[in-house]
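Here are the chains, one letter per residue:
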Amino acid sequence: MFLLLFCVSLLIAVFFAVDTFLKSVSTMETEGKVHNAVEKKKSKSFIMPVILRWADGVGFVLSKIKYKKFDNMMSKLQADLISLGGDYKKFNPHQYFAMSLFSMAGGILFCICFVSTDILLVVFAAAIFFALPFLRVKEAVKSRKEKVFKQLPDMADLLSVMMDAGSDFFSAADKVTMILKGPLSDDFRDALAKISLGYDKKTALNEMTQKSGVDQLGFFVRTINMALDAGVGMSDTLKRLAEQMRIERASAAEKKAQEAPIKMLIPLVLFIFPTIFIVIFGPIVINFMTTGGF
């Protein structure tokens, strides 16, 4: 029981430590050199520029590894980083893998210096510290996809209203991105910027879909592309799309509500049941051990 509580406490502490560290990477443009960074500004601290330079060097070495499974892993990680956009997009996957190696080294030192030198605990801490940066990316990608999915019906409704008022689709989309804030608006804004520079409209929208990885957005874009090819009005189509996506969103919410009791079993079994058993049977066991009877 003590070992279980210790492992859970260590996991929570490591999560917040790594989360804080990864959030500090959001200032990387002003903190130091990062591969593919557009601007290089003066450093404001000492630690982050050193870590980022090391990540750049170790990432370059890792990029020389030619192994199929490793390459597949790096390809998936790159897709996740591109999907997140922003500062994450400035990392290449090998650099981010190097950051995970640094995190693992920090976890080993933390365990040896402050916890224990037991080999099992050291390995356990190393595995957690190594995995958390990747879990952080996966959780961020999942959260972003959920936000895009939730924002799609509102986007479709506003586009329909704008087009009823006389705007064409791309002018309406430009106005809607100024009203709605979120990852979907950011993706549309990037696509519109490409189109304004002479990029093919359908290609820009398809690339936006591939970047987001949201199936509902793919269906939304395919419907728009078919309407653009046919040259028909999209206002009614967008209204029906918005209604359909709201039904899907409600179904997803119902599914999560049905899954909640099952997910609650894990903390119930691990934390609540043991506590109840200790409170109920603890005095009985102590009394039996001290007096030899009830």
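All of these numbers come straight from a predicted model, not from anything done at the bench. All residue numbers refer to position in the chain's written sequence, counted from 1. In keeping with the predicted nature of the model, local features appear solely for residues at pLDDT of at least 70, side-chain atom pairs appear and are counted solely at 80 or more, and the whole-chain, interface and lining totals rest on all residues. Values reported for side chains reflect all heavy atoms of the structure, with hydrogen atoms and water molecules removed beforehand.

A. Layout of the overall build of the protein. Strands here are runs of E lasting at least two residues and helices are runs of H or I lasting at least four, both read from the DSSP assignment and numbered beginning at the N terminus. Each helix and strand counted, the protein has 11 helices and 0 strands in total. Secondary structure elements of the protein occur, N-terminal to C-terminal, as α-α-α-α-α-α-α-α-α-α-α. Throughout, exposure labels follow a simple rule: accessible area from a 1.4 Å probe, protein chains only, divided by the maximum for the residue type, with under 20% read as buried, over 50% as exposed, and the rest as partly exposed. Taking all 294 residues of the protein together, 36% fall into the buried category. Long-range pairs, those at least 24 residues apart, make up 61% of the contacts in the protein between residues at least 6 apart in sequence. We call two residues contacting when some pair of their heavy atoms lies within 4.5 Å.

B. The arrangement of the packing of helix 7 (residues 169-179) against helix 8 (residues 183-196) in detail. Look at helix 7 against helix 8: their axes get within 9 Å of each other, and the N-to-C directions meet at 135 degrees. Compared by their axis directions, helix 7 and helix 8 come out oblique. Considering how the two elements wind past one another, helix 7 and helix 8 form a crossing that is left-handed. Across the interface between the two elements, Phe169, Phe170, Ala173, Asp174 and Thr177 of helix 7 pack against Ser185, Phe188, Arg189, Leu192 and Ile195 of helix 8. Only the stretch in contact is used when fitting a helix axis, every axis being a line fitted to C-alpha atoms; angles between N-to-C directions are given from 0 to 180 degrees. Oblique is the label for any angle not covered by the other classes, which are roughly parallel (under 35 degrees), roughly antiparallel (over 145) and roughly perpendicular (65 to 115). Put simply, a crossing is left-handed when the front helix is turned counterclockwise from the back one by less than a right angle, and right-handed when it is turned clockwise.

C. Quick look at helix 4 (residues 68-84). Helices are assigned an expected span. That span is 1.5 Å times one less than the residue count. Between its first and last C-alpha atoms helix 4 spans 25 Å; for 17 residues at 1.5 Å apiece the expected length is 24 Å, and the two agree. One or two residues past the end of helix 4 sits Gly85, with phi positive at roughly 70 degrees.

D. Structural view of the nonpolar core. Joining through side-chain atoms within 4.5 Å is the link that ties buried Ala, Val, Leu, Ile, Met, Phe, Trp, Tyr and Cys residues into a set, and such a set is a nonpolar core. Counting residues in each nonpolar core, the largest one holds 32 residues, and the members touching the most others are Leu159, Phe169, Phe188, Leu217 and Phe220. Mapped by element, the contributors of at least two residues to this core are helix 6 (119-164), helix 7, helix 8, helix 9 (201-212), helix 10 (215-230) and helix 11 (235-291). The element best represented in this core is helix 6, accounting for 7 residues. In this structure Leu217 touches Val148, Leu152, Leu184, Met208, Thr209 and Ser212, once residues within four positions along its chain are discounted.

E. View of the confidence of the model for the protein. Chain-level statistics for the protein give a pLDDT mean of 77 and a share of 80% at 70 or above. Note on scores: pLDDT gives the predictor's confidence for each residue, bounded by 0 and 100. Confidence, expressed as mean pLDDT per element, reaches its minimum in the protein at helix 2 (residues 28-31) with 38 and its maximum at helix 8 with 87. A low-confidence stretch, residues 25-45 stays under pLDDT 50, and its non-local contacts, those more than four residues away or across chains, total 35 contacts.

F. Region of the structure containing the packing of aromatic side chains. In this scheme Phe, Tyr and Trp rings, the latter by its six-membered ring, pair at centre separations within 6.5 Å, and the angle between planes marks the pair as stacked below 30 degrees, edge-to-face above 60, and tilted otherwise. Inspection of the entire model under this criterion finds 10 aromatic pairs. On the basis of an interplanar angle of 90 degrees and a centroid distance of 5.4 Å, the ring pair of Phe70 and Phe97 is categorised as edge-to-face. With Phe70 in helix 4 and Phe97 in helix 5 (residues 93-115), this residue pair connects regions lying 27 residues apart in the sequence. This pair shows no difference in class: Phe70 is buried, exactly as Phe97 is. Taking the centre distance of 6.5 Å and the plane angle of 45 degrees together, the rings of Phe110 and Phe129 count as tilted. Taken together, the residues Phe110 in helix 5 and Phe129 in helix 6 connect sequence positions 19 residues apart. Using a relative accessible area of 32% as the deciding quantity, one classes Phe110 as partly exposed. Pairwise contacts between aromatic rings join Phe70, Tyr96, Phe97, Phe130 and Phe134 into one cluster.

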